[in-house]
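Notes for the structure review
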Amino acid sequence: MLHFYRDDLARLASADRLRRLVPRAGADFTSNDYLGLGASPRLREAVAAALDRGVGIGSGGSRLLRGNDPEHEALEAEAAAHFGSETALFFANGYAANVAAFATLPQPGDLVVHDALIHASAHDGMRLGRAPRVAVAHNDVAAFEGAIRDWRSGGGTGTPWIAVESLYGMDGDRAPLAALVEVADRHQAMLLIDEAHATGVFGDGGRGLAAGLHGRENVVTLHTCGKALGAEGGLLCVPRVLRDMLVNRARGFIFSTAPSPLIAAAVREALRILADEPERQARLWALIGAAEKALGFATGSQILPVIVGADGAAVALAERCRAAGYDVRAIRPPTVPAGTARLRVSITLNVDETAIAGLAEVLR
Ligand SMILES: Cc1ncc(COP(=O)(O)O)c(C=O)c1O
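Bear in mind that the values here come from a model prediction, so they are computed numbers and not experimental data. (Residues numbered from 1 in each chain as written. Predicted model: local features only at pLDDT ≥ 70, side-chain atom pairs only at ≥ 80, totals over all residues. Heavy atoms only, no water.)

Here we take up the site of the ligand. The environment of the ligand is formed by 13 residues, the closest being G94, Y95, D194, H197 and K227. Interatomic distance of 2.8 Å between a backbone N/O atom of G94 and an oxygen atom of the ligand. Between a nitrogen atom of the ligand and a side-chain N or O atom of D194, the distance comes to 2.6 Å. Burial of the ligand by the surrounding chains reaches 80%, relative to a free accessible area of 390 Å². Among the elements that take part in the shell around the ligand, helix α4 (residues 94–104) stands out by supplying 3 residues, more than any other. Across the shell around the ligand, the residue classes tally to 2 nonpolar, 8 polar and 3 charged. (Near = heavy atom within 4 Å. Polar contact = N/O pair within 3.5 Å; in protein donor to acceptor, adjacent residues only side chain to side chain. Areas by Shrake-Rupley, 256 points an atom, 1.4 Å probe, with all protein chains shown as cover. Helix = DSSP H or I, 4+ residues; strand = E, 2+ residues; numbered from the N terminus. Nonpolar A, V, L, I, M, F, W, Y, C, P; charged D, E, K, R; others polar.)

Moving on to the domain arrangement of the protein. Domain parsing of the protein yields domain 1 (41–276) and domain 2 (278–363). Of note, the centres of domain 1 and domain 2, computed from C-alpha atoms alone, are 27 Å apart. Across the boundary between the two partners, domain 1 contributes 19 residues, which contact 18 residues of domain 2. Across the contact surface, domain 1 and domain 2 share 1 salt bridge. Its salt-bridge partner being D171, residue R342 comes within 3.0 Å of it at the nearest N-O pair. The interface formed by domain 1 and domain 2 includes 9 residue pairs in polar contact (both at pLDDT 80 or more). Here the residues of the side of domain 1 that touches domain 2 are counted per class, giving 9 nonpolar, 7 polar and 3 charged. (Domains from an automatic or database assignment. Contact = heavy atoms within 4.5 Å. Salt bridge = Lys/Arg side-chain N within 4 Å of Asp/Glu carboxyl O.)

With that out of the way, let us pick up the pattern of salt bridges. Under the definition given, this model contains 24 salt bridges. Note that E319 is salt-bridged to R20, the shortest N-O span being 3.7 Å. Residue E319 is located in helix α12 (residues 311–323), and its partner R20 is located in the loop between α1 (3–14) and β1 (27–28); the two are separated by 299 residues in the primary sequence. Classification of R20 by relative accessible area gives exposed; the value is 60%. Here the residues in one salt-bridge network are R42, R53, E71, E78, R268, E269, R272, D276, E277 and R280, joined through shared partners. (Buried < 20%, exposed > 50% of the residue type's maximum accessible area, 1.4 Å probe, protein only.)

Glancing now at the packing of aromatic side chains. One pass over the structure, following the stated rule, counts 4 aromatic pairs. Ring plane angle 90 degrees and centroid distance 5.2 Å describe the contact between F4 and Y5, whose orientation is recorded as edge-to-face. An identical accessibility class is assigned to F4 and Y5; each is exposed. Ring geometry for F91 and F253: centres 5.7 Å apart, planes at 65 degrees, overall edge-to-face. (Phe/Tyr/Trp six-rings, centres within 6.5 Å; stacked < 30°, edge-to-face > 60°.)

Attention now moves to the environment of G54. Residue position: G54 is located in the loop between α2 (41–52) and α3 (70–83). According to the relative accessible area criterion, G54 is exposed, its value standing at 59%. For G54 and A143, which are 89 residues apart along the polypeptide, the C-alpha to C-alpha distance reads 52 Å.

The next subject is the side chain of K227. Relative to the helices and strands, K227 resides in the loop between β7 (219–224) and β8 (234–238). Lacking a salt bridge, the buried K227 has D194 as its closest oppositely charged neighbour, with an N-O distance of 7.7 Å. Not counting residues within four places of it along the chain, the set of residues in contact with K227 comprises N32, D33, Y34, A196 and H197. (Lys, Arg positive; Asp, Glu negative; His and termini not counted.)

Structural data, given as structure tokens:
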């Protein structure tokens, strides 16, 4: 009865693509806890204080019913104020937020033009959505504009949606946001920017790479709360009309129990830490500088991929790093394109210069 599953897993194993859950061990060169907030005493104390003032563990229902907790609303108001958007809407995680945005906002007469390397959650949202979509070459501004022009000359009359990550999670390089804004303005297009890996790391107060664009009518941003913010969740920062649309039409928002109010309290504190403790961001950038020197290359971000190529070789190298006490993971297709399996080295405040030098030595 279960043959299909055994055979499928055997196929993955023979292609060096079988995944297994590996315990957390060794120096953290793999998490997205960039500012080290995951274990920060301030987040713990914020959750303890929320419990003391009676904030619930569970929300008890959908936001549209009994689940709408004052913590959610306070977080959304504070996030909008912090990031500079008209409004924000909180989801249980970035995946759910991206699925909601892509499935709900682009309409049947629209076109989504997305970067070829955009995250799986955007793909899954587009699959659920009703707008046609086209992938264009990574960071190729002319290709974005060309796709919109082709669609218009083929009779497209709706709104084009340009969808990118501001910082690519597996490559560490940045989207050409300034040029894409110009394209969006020229073609009355919306710009959907996933700031998952930029939030907390880039911009004054960790506002991200799209910091100057918030508040524009044609910009939607996603700030995830499980990476640099050290907690869990996803904040879509949007003009009010789009927030109202999501509240009314996003099925994952409507037909799901609202996130834990305790987590909302933790994210509120994380936003305060972004504002109050700029030294965390500064320290991260010092560590990134040390890593660039030790590894001998730079991406201009905290994500430093060591491209290996073959899947099996990447897995073997990651295992060697782990055996030496450095927690690095191999990233294989389909997460990254075939032939580009890699070690995704991420720099966080959970390591220091000594650990960085040690990892570089093993990699050499
Ligand atoms: C670019 C990008 N967007 C969205 C997500 C999903 O966010 P979350 O982990 O909060 O579900 C991730 C997480 O891997 C990501 O890397």
